[in-house]
Amino acid sequence: QVQLVESGGGLVQPGGSLRLSCAASGISFQIYAMGWYRQAPGKQRELVAAITSGSSTNYADSVKGRFTISRDNAKNTVYLQMNSLKPEDTAVYYCNAHAVLFTTHNYWGQGTQVTVSS
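Starting from 1, residues in each chain are numbered consecutively following that chain's sequence as written. Reporting in this predicted model follows two pLDDT cut-offs: at least 70 for local features of residues, and 80 or more for side-chain atom pairs to be given and counted; totals over whole chains, interfaces and linings ignore these cut-offs and use all residues. Heavy atoms throughout the structure, all of them, feed into the side-chain values; hydrogens and water do not.

Description of the packing of aromatic side chains
Reasoning step 1: Aromatic contacts are taken between Phe, Tyr and Trp rings whose centres are within 6.5 Å, Trp giving its six-membered ring; a plane angle under 30 degrees counts as stacked, one over 60 as edge-to-face, and the others as tilted. Applying the stated criterion across every chain, the model contains two aromatic pairs.
Reasoning step 2: Both rings, one in tyrosine 32 and one in tyrosine 107, keep their centres 6.2 Å apart while their planes meet at 40°; by these two values the pair is tilted. One end of the pair, tyrosine 32, is in the loop between strand 3 (18-25) and strand 4 (33-39); the other, tyrosine 107, is in strand 10 (residues 103-108), and 75 residues separate them in sequence.
Reasoning step 3: Only protein chains enter the accessibility calculation, which uses a 1.4 Å probe; a residue whose area is less than 20% of its type maximum is buried, one above 50% is exposed, and one in between is partly exposed. Taking the relative accessible area as the measure of exposure, tyrosine 32 reaches 4% and is therefore buried.
Reasoning step 4: Judged by relative accessible area, which is 25%, tyrosine 107 ranks as partly exposed. The helix count covers DSSP runs of H or I at least four residues long, the strand count covers runs of E at least two residues long, and both are numbered beginning at the N terminus.

Structural notes on a nonpolar patch on the surface
Reasoning step 1: In this analysis, a patch consists of residues with relative accessible area above 30% that form no salt bridge, clustered at 9 Å for like charges and at 5 Å for the nonpolar side chains Val, Leu, Ile, Met, Phe, Trp and Tyr. Reported accessibility uses the Shrake-Rupley method at a 1.4 Å probe radius. Residues are deemed covered only where the shown protein chains occlude them. Any Lys or Arg side-chain nitrogen found within 4 Å of a carboxyl oxygen on Asp or Glu counts as a salt bridge. A cluster of nonpolar side chains, namely Ile31, Leu101 and Phe102, defines an oily patch on the protein surface of about 370 Å² accessible area.
Reasoning step 2: Following the sequence through the fold, leucine 101 ends up in strand 9 (residues 91-101).

Focus on the pairing of strand 9
Reasoning step 1: When DSSP finds two or more bridges between two strands, those strands count as paired. Sheet topology places strand 4 next to strand 9; seven bridges connect them, and they run antiparallel. Directly across from alanine 33, in strand 9, lies its bridge partner histidine 98.
Reasoning step 2: The pairing of strand 9 with strand 11 (residues 112-116) spans three bridges and is classified as antiparallel. Opposite alanine 91, over in strand 11, you have valine 114 as the bridge partner.
Reasoning step 3: Sheet topology note: the strand 9/strand 10 ladder contains six bridges and is antiparallel. Paired with histidine 98 across the bridge in strand 10 is asparagine 106.
Reasoning step 4: The loop that links strand 9 with its antiparallel partner strand 10 comprises one residue; one of these, phenylalanine 102, has a positive phi angle of about 70°.

As far as function goes, none of this settles anything; it's purely spatial.
In structure tokens form, the structure reads like this:
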């Protein structure tokens, strides 16, 4: 059974930092591309950051220079370090695992709330 379990969300003041973690089980983690998505109320889910199995990264323009995605294959965990947080970063953040192995494999975590407010 595949599980992606996010943690690290919470309430933070503008300018503050949070680190999200996503622990994966039930998959060969090292071959999956991992991503962080977010969904704010009334908006579509959007890609925030992604990291390939080879650790290449890409970011949404809105978070470049503030967020950093990383992975630890020994711990089957992907991280999202979020600095200089803004109120517009408020959303539910979801972890995603994606791989194409003859067929497409795509999994989601349950989400973790991030609220940036004074």
